[in-house]
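# A structural walkthrough
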Amino acid sequence: MANPLYDRLFGRYAGKTSVFLQLPEGETISHTAFLEMAARYAHMLRELGVTAGDRVAAQIAKSPQALAVYAACAQTGAVFLPLNTAYTVDEVAYFVDNSGARVVLCDARNEAGMTPMAQACGAALETLNGDGSGSFADKAAAMPTTFETVSRDEDDLAAFLYTSGTTGRSKGAMLTQGNLLSNSQTLAEQWRFTSDDVLLHALPIFHTHGLFVATNITLLTGGQMIFLPKFDVDLIISHLPGATAMMGVPTFYTRLLGDARFTKDLTKDMRLFVSGSAPLLAETHVQFEERTGHRILERYGMTETNMNTTNPYDGERRAGTVGFALPGVEVKITNAASGETLSQGEIGDIEVRGPNVFKGYWQMPEKTAEELRADGFFITGDLGRFDDDGYLHIVGRNKDLIISGGYNIYPKEVELLLDLEDGVLESAVIGVPHPDFGETVVGILVADGNRTPDIAGIQASIGKSLARFKQPQKLIVVDELPRNTMGKVQKNVLRKEFGALFQD
Ligand code: MLC
Ligand code: AMP
């Protein structure tokens, strides 16, 4: 009986008392203690009716317990569906309904709001809080500390991560055990991870970066994680001296550079800083090296593919580029409409193929067919070019997407809500440069007749159903939206006009 994901990430530590997690207050959790917690949770999932292939949705705070839910899903063969803690009940309802989740885990503070939704979707609801308490943990405490791992193979589904679409409807990216394992194995080798590493973990664990890159690599190579509940400059500064590696979105690095305590001496025992999920400004790269002597290693990935390219560990880490294709991954620049590969140096669509590429979107065969070619190449929606030395440059996006502090916002989802508001005829949502988040969300409104839209009222209204990070930081009323001859809104014109809103 085999289960590659569980066996290689978790099961191999059976009986090992080595430290797995260091918590901010100094407490540690051993591999054995972690596996016992996961086994108890696996029994709980079984009690709740979960069998192999069932989806388990979790909107819970980052904690060792949350990570143990991931391990329990692997052990029972369930599909783990982690959700951003910022999502509103309306947003979560869509994921639970669309995925057909059998179990939903939430924070006790959200239980009252989530109960009717879970009932309507026919899912069992249990609570698990950031401090490890909650109905799920309470009941699990009485369960055995070992669980017979359910047999699975590399082609079986391990996780669903939802990614929004240009139509405003989120799609569940189906990731297999093989997708996750192949990628973390390659990254661990490329970035030279070993059991001596201590990863300073400050990313959320409901996205690829914090879960499948940072956590899986550590589990695969036997190192430790300093497991912080979230990114906090003070916590990072106090824990950097005990770490060897850190992964972050560019906002992590710009915030650290903004703090005088972040010095060369503080980072002297670090061997690696990785950045991704959003473009790292070349100037951040340069300032970081000037301050610390370390060159940030930038890589490129996405929900559907895990990681695709990386700058070299040895060799030049070139600012403003995302390096080379990972071993086993093919990257080409195409004209996506014709499928033709472009000449060296030309700008076009980035397409990728490899064992990292997902299986498709859950119950959306047409969407899958639009983006995943029959020959296995995935059309990323990013635009890029290879330079003369083969480094990949991401030069833009062929998809209407805003990335704020590493979180993705699809304008269509916000526009659909704005258009429903009183006094709004139509809207266009754009991303504009922001000194902290890289990009931020701005809504441009056209008034409906002579009625003046009530900006504060609209903000409050959309806030009921839209996560805070997706809400426009500014709403601006204009007479009309610029359109091209085809009638399409020219967002580039709007981005130019409002691009300096948040510049110092
Ligand atoms: C929080 N807020 C954000 C935000 N994060 N607003 C816009 N964009 C964001 N990313 C808002 C909150 O709603 C709140 O609003 C205010 O900012 C402060 O909240 P906070 O909880 O204190 O936020 P903070 O700690 O400052 O978080 C910022 C952050 C965090 C950058 C540390 O967003 C973060 O950890 N981002 C990482 C995202 C990530 O892991 N991405 C990987 C995706 S995987 P208010 O108004 O209420 O004060 C992927 C593939 C790949 O892309 O290649 O990796
Ligand atoms: P997500 O859907 O959250 O996985 O986001 C994936 C998107 O993030 C990619 O399609 C890119 O647009 C962007 N991205 C990830 N890494 C980088 C990077 N290093 N530089 C620029 N954009 C990136």
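What counts as what
Residues numbered from 1 in each chain as written. Chains lettered and ligands numbered in written order. Predicted model: local features only at pLDDT ≥ 70, side-chain atom pairs only at ≥ 80, totals over all residues. Heavy atoms only, no water. Pairing = 2+ DSSP bridges. Helix = DSSP H or I, 4+ residues; strand = E, 2+ residues; numbered from the N terminus. Contact = heavy atoms within 4.5 Å. Axes fitted to C-alpha atoms, helices over the stretch in contact; angles between N-to-C directions. Near = heavy atom within 4 Å. Polar contact = N/O pair within 3.5 Å; in protein donor to acceptor, adjacent residues only side chain to side chain. Areas by Shrake-Rupley, 256 points an atom, 1.4 Å probe, with all protein chains shown as cover. Domains from an automatic or database assignment. Core = buried A, V, L, I, M, F, W, Y, C linked by side-chain atoms within 4.5 Å. Buried < 20%, exposed > 50% of the residue type's maximum accessible area, 1.4 Å probe, protein only. Buried area = accessible area lost by both parts, 1.4 Å probe. Salt bridge = Lys/Arg side-chain N within 4 Å of Asp/Glu carboxyl O. Nonpolar A, V, L, I, M, F, W, Y, C, P; charged D, E, K, R; others polar. Arc of directions from axis to C-beta. Parallel < 35°, antiparallel > 145°, perpendicular 65-115°, else oblique. Left-handed = near helix turned anticlockwise from the far one by under 90°. Disulfide = S-S within 2.5 Å.

## Re the sheet that holds strand E2 (residues 28–30)
Spatial ordering of the open sheet is given by E2-E1-E10-E9-E11-E12-E13-E14-E15, a layout of nine strands whose pairing is mixed. Two strands bound the open sheet, and with one partner strand each, they are E2 and strand E15 (324–325). In the sheet, strand E14 (residues 306–310) pairs with E15 via two bridges, with the strands oriented antiparallel. Paired with threonine 310 across the bridge in E15 is phenylalanine 324. Against the sheet, helix H2 (residues 31–47) contacts strand E1 (19–22) and E2, and its axis sits at roughly 75° relative to E2. Seen against the sheet, helix H10 (residues 250–257) touches strand E11 (245–248) and strand E12 (272–275) and runs at an angle of roughly 115° to E11.

## A few points about the site of ligand 1
Within the structure, ligand 1 sits among 23 residues, and Ser277, Arg299, Ser404, Gly405 and Arg468 are positioned closest to it. Glycine 301 places a polar main-chain atom, nitrogen or oxygen, 3.1 Å from an oxygen atom of ligand 1. Compared with its free state, where it exposes 1,000 Å², ligand 1 has 74% of that area covered by protein. If you list the elements that add at least two residues to the shell around ligand 1, you get helix H8 (208–221), H10 and strand E13 (297–302). Here the shell around ligand 1 spans two domains, since at least three of its residues come from each of domain 2 (198–397) and domain 3 (401–498).

## Here's the deal with the nonpolar core
Core analysis: the largest hydrophobic core is formed by 113 residues, its most contacted members being Phe10, Phe34, Tyr41, Leu67, Tyr70, Trp191 and Met247. Structurally, this core is a two-domain feature, drawing no fewer than three residues from each of domain 1 (4–153) and domain 2 (198–397). Once you skip the residues sitting within four places of it in the chain, phenylalanine 10 turns out to touch Leu5, Phe34, Leu35, Tyr70, Ala71, Ala74 and Leu219. One finds Met114, Leu125, Met174 and Phe469 within the second-largest nonpolar core, a separate group that totals 35 residues.

## Examining the site of ligand 2
Taken together, 16 residues surround ligand 2, and among them Arg299, Thr303, Asp382, Lys399 and Asn408 come closest. The contact in question runs from a nitrogen atom of ligand 2 to an N or O atom on the backbone of serine 277, over 3.1 Å. Within the side chain of lysine 399, one N or O atom sits 2.8 Å away from an oxygen atom of ligand 2. The fraction of the free accessible surface of ligand 2 (500 Å²) that becomes covered by protein chains is 93%. Put simply, the parts of the chain that give the shell around ligand 2 at least two residues each are E13 and strand E21 (392–397).

## With respect to the domain arrangement of the protein
What the domain assignment reports for the protein is domain 1 (4–153), domain 2 (198–397) and domain 3 (401–498). Inter-centroid distance (C-alpha atoms) of domain 1 to domain 3 is 36 Å. Each partner contributes to the interface: domain 1 provides six residues, whereas domain 3 provides 10 residues. Summing the contributions of domain 1 and of domain 3, the shared interface buries around 500 Å²; its carbon and sulfur component is 50%. For the interface between domain 1 and domain 3, the tally reads one salt bridge. Across the side of domain 1 that touches domain 3, the residue classes tally to two nonpolar, two polar and two charged.

## Describing helix H15 (residues 491–498)
Three or more residues of H15 are buried, namely Lys491, Leu494 and Phe498. Take H15 and look down its axis: the buried residues cluster within an arc of 55°, on one side only. Along H15, exposed side chains directed more than 90 degrees from the buried face belong to Asn492 and Lys496. Check the buried side of H15 and you find it contacts helix H13 (411–419), strand E24 (424–434), strand E25 (438–447) and strand E26 (474–478).

## Details of the packing of helix H4 (residues 89–99) against helix H5 (residues 111–121)
In helix packing, the relevant descriptors are the interaxial angle and the interaxial distance, both defined with respect to the helix axes. Close contact between H4 and H5 brings their axes to 10 Å; oriented N to C, the two are set at 25°. For the element pair H4 / H5, the angle class is roughly parallel. In this structure, H4 crosses over H5, and the sense of that crossing is right-handed. Packed against H4, whose contacting residues are Val89, Val92, Ala93, Val96 and Asp97, the element H5 presents Gly113, Met114, Met117 and Cys121 at the interface. Its residues assigned to classes, the contact of H4 with H5 comprises seven nonpolar, one polar and one charged.

## Thoughts on the state of the cysteines
Evaluated as defined, the whole model comprises zero disulfides. Unpaired in this structure, cysteine 106 has its nearest cysteine sulfur neighbour in cysteine 121, at a distance of 13 Å. Here cysteine 106 falls in the buried class, since its relative accessible area comes to 0%.

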